[in-house]
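# Examining the three-dimensional arrangement
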Amino acid sequence: MDKKILRKEGIAKLQELASHKQRKQKKETIILQLLFSSRIWQKATCIGVIRATGIELDTQPIFKRAFAEGKKIVVPKAPQDRILTFHPVTEKTEYLLSSFGVEEPLVFEKVVKDEIDLLIVPGLIFSSEGYRIGFGGGYYDRFLKDFQGPTVSLAFGEQIRDDWQPENFDIPVAKIITDFRNEVFYE
């Protein structure tokens, strides 16, 4: 199936879910409880995560929990050369809305890839084998090409689909945590 069509369908499903706030919040609670109780979360000291848009899984509880536990949070920026860079943030960090509609930190300090020991990878659609379809920029696939740390995606059950084939440049995440049957793939 064509990725452009899949992206449109994925966005439509997330918009539909976002219109049912209580249902979405229940699903987020399940996913976040599974994340916070996982070994990869407990071991992590530096976590890479986006500031989610309104239709995506709300990442604010991740920031809050990480700060409370003394973990370092790094947030990506997508510069002109199309290579993601990650920047440490605090509870006081200010953000600017990017041209992609994603909040990026107004900080210049960068962290090296090796410092990130848990990368939470966003996406629209996920296969049960860990492959993902993102929003179409290819930023995460380029970043993941030589990233050695643990990767996880947090996905609503509605985002899991196996009716598509990954391309040769697609890089799977090591784990998907979903509310669908309260599952953790690859634990």
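Residues numbered from 1 in each chain as written. Predicted model: local features only at pLDDT ≥ 70, side-chain atom pairs only at ≥ 80, totals over all residues. Heavy atoms only, no water.

Rules: UniProt positions are given in the numbering used here, feature names are shortened, and annotations may be inferred rather than shown by experiment.
An unreviewed UniProt entry lists the chain under the name 5-formyltetrahydrofolate cyclo-ligase, with Enterococcus dispar ATCC 51266 as the source organism. Per its UniProt entry, the chain bears the Cofactor (unreviewed entry) comment "Mg(2+)".

## Some details on the overall build of the chain
For clarity, the threshold we go by: Only DSSP runs of H or I covering at least 4 residues are called helices, and only runs of E covering at least 2 are called strands; the numbering of each starts at the N terminus. For the radius of gyration, the atom set is restricted to C-alpha positions; the globular benchmark scales as 2.2 Å times the number of residues to the power 0.38. For this analysis, residues touch if any pair of their heavy atoms sits within 4.5 Å. For the area figures, the Shrake-Rupley method with a 1.4 Å probe applies, and any residue is considered shielded solely by the protein chains shown.
Along the chain, the regular secondary structure elements total 5 helices and 11 strands. Taking 187 residues into account, the globule formula puts the C-alpha radius of gyration at 16 Å, and the chain, at 15 Å, falls close to it. Seen along its three principal axes, the alpha-carbon backbone of the chain occupies a region of about 40 × 35 × 30 Å. Across the chain, contacts joining residues at least 24 apart in sequence account for 64% of those joining residues at least 6 apart. Total accessible area on the chain is roughly 10,100 Å²; 52% of this is exposed by carbon and sulfur atoms.

## Comments concerning the pattern of salt bridges
Just so we agree on the cut-off: Salt bridges are defined as contacts in which a side-chain nitrogen from Lys or Arg sits within 4 Å of a carboxyl oxygen from Asp or Glu. Only protein chains enter the accessibility calculation, which uses a 1.4 Å probe. A residue is then buried if its area is under 20% of the maximum for its type, exposed if over 50%, and partly exposed in between.
Inspection of every chain in the model, using the stated rule, returns 14 salt bridges. Ionic pairing is found between D179 and K27, a salt bridge with its closest N-O pair at 2.5 Å. Linking D179 in the loop between β10 (175-178) and β11 (184-185) with K27 in helix α2 (residues 21-36), this pair joins segments that are 152 residues apart in sequence. Both residues of the pair, D179 and K27, belong to the buried class. Among the salt bridges present, the one from E69 reaches K71, with a minimum N-O distance of 3.9 Å. The partly exposed category is assigned to E69, whose relative accessible area is 38%. It is possible to trace a salt-bridge network through shared partners that takes in R23, K27, E158 and D179.

## Overview of the environment of G10
Assignment of secondary structure puts G10 in helix α1 (residues 3-18). Exposure remark for G10: the relative accessible area of 4% places this residue in the buried category. In contact with G10, other than residues within four places in its own chain, are L124 and I125.

## Side note on the pairing of strand β9 (residues 151-155)
Short version of the rule: Paired strands, as defined in this entry, are two strands with at least two bridges between them according to DSSP.
Where burial is concerned, most of β9 is hidden: 5 out of the 5 residues are buried. With burial as the criterion, each face of β9 is covered, one bearing T151, S153 and A155 and the other bearing V152 and L154. The pairing of strand β6 (residues 118-120) with β9 spans 2 bridges and is parallel. Its bridge partner being in β9, I120 is matched across the sheet by V152. In terms of strand pairing, β9 meets β10 through 4 bridges, oriented parallel. Bridge pairing in β10 places L154 opposite I177.

## Observations regarding the packing of α2 against helix α4 (residues 60-68)
Describing two packed helices takes the angle between their axes plus the distance from one axis to the other. To keep it simple, the criterion reads: Angles here are taken between N-to-C directions and fall from 0 to 180 degrees, while the axes themselves are lines fitted to C-alpha atoms, restricted in helices to the stretch in contact. Our angle categories are set so that under 35 degrees counts as roughly parallel, over 145 as roughly antiparallel, 65 to 115 as roughly perpendicular, and the remainder as oblique. Helix crossings are classified by the rotation of the near helix relative to the far one: an anticlockwise turn of less than a right angle makes the crossing left-handed, while a clockwise turn makes it right-handed. Each residue gets one of three labels, nonpolar for Ala, Val, Leu, Ile, Met, Phe, Trp, Tyr, Cys and Pro, charged for Asp, Glu, Lys and Arg, and polar for the others, Gly among them.
Where α2 meets α4, the axes come as close as 11 Å, and the angle between the chain directions of the two elements is 30 degrees. When the axis of α2 is compared with that of α4, the two are roughly parallel. Crossing of α2 against α4: the hand is right-handed. Residues L32, L35 and F36 of α2 form the contact with α4, whose participating residues are P61, I62 and R65. For the contact of α2 with α4, the residue count by class is 5 nonpolar, no polar and 1 charged.

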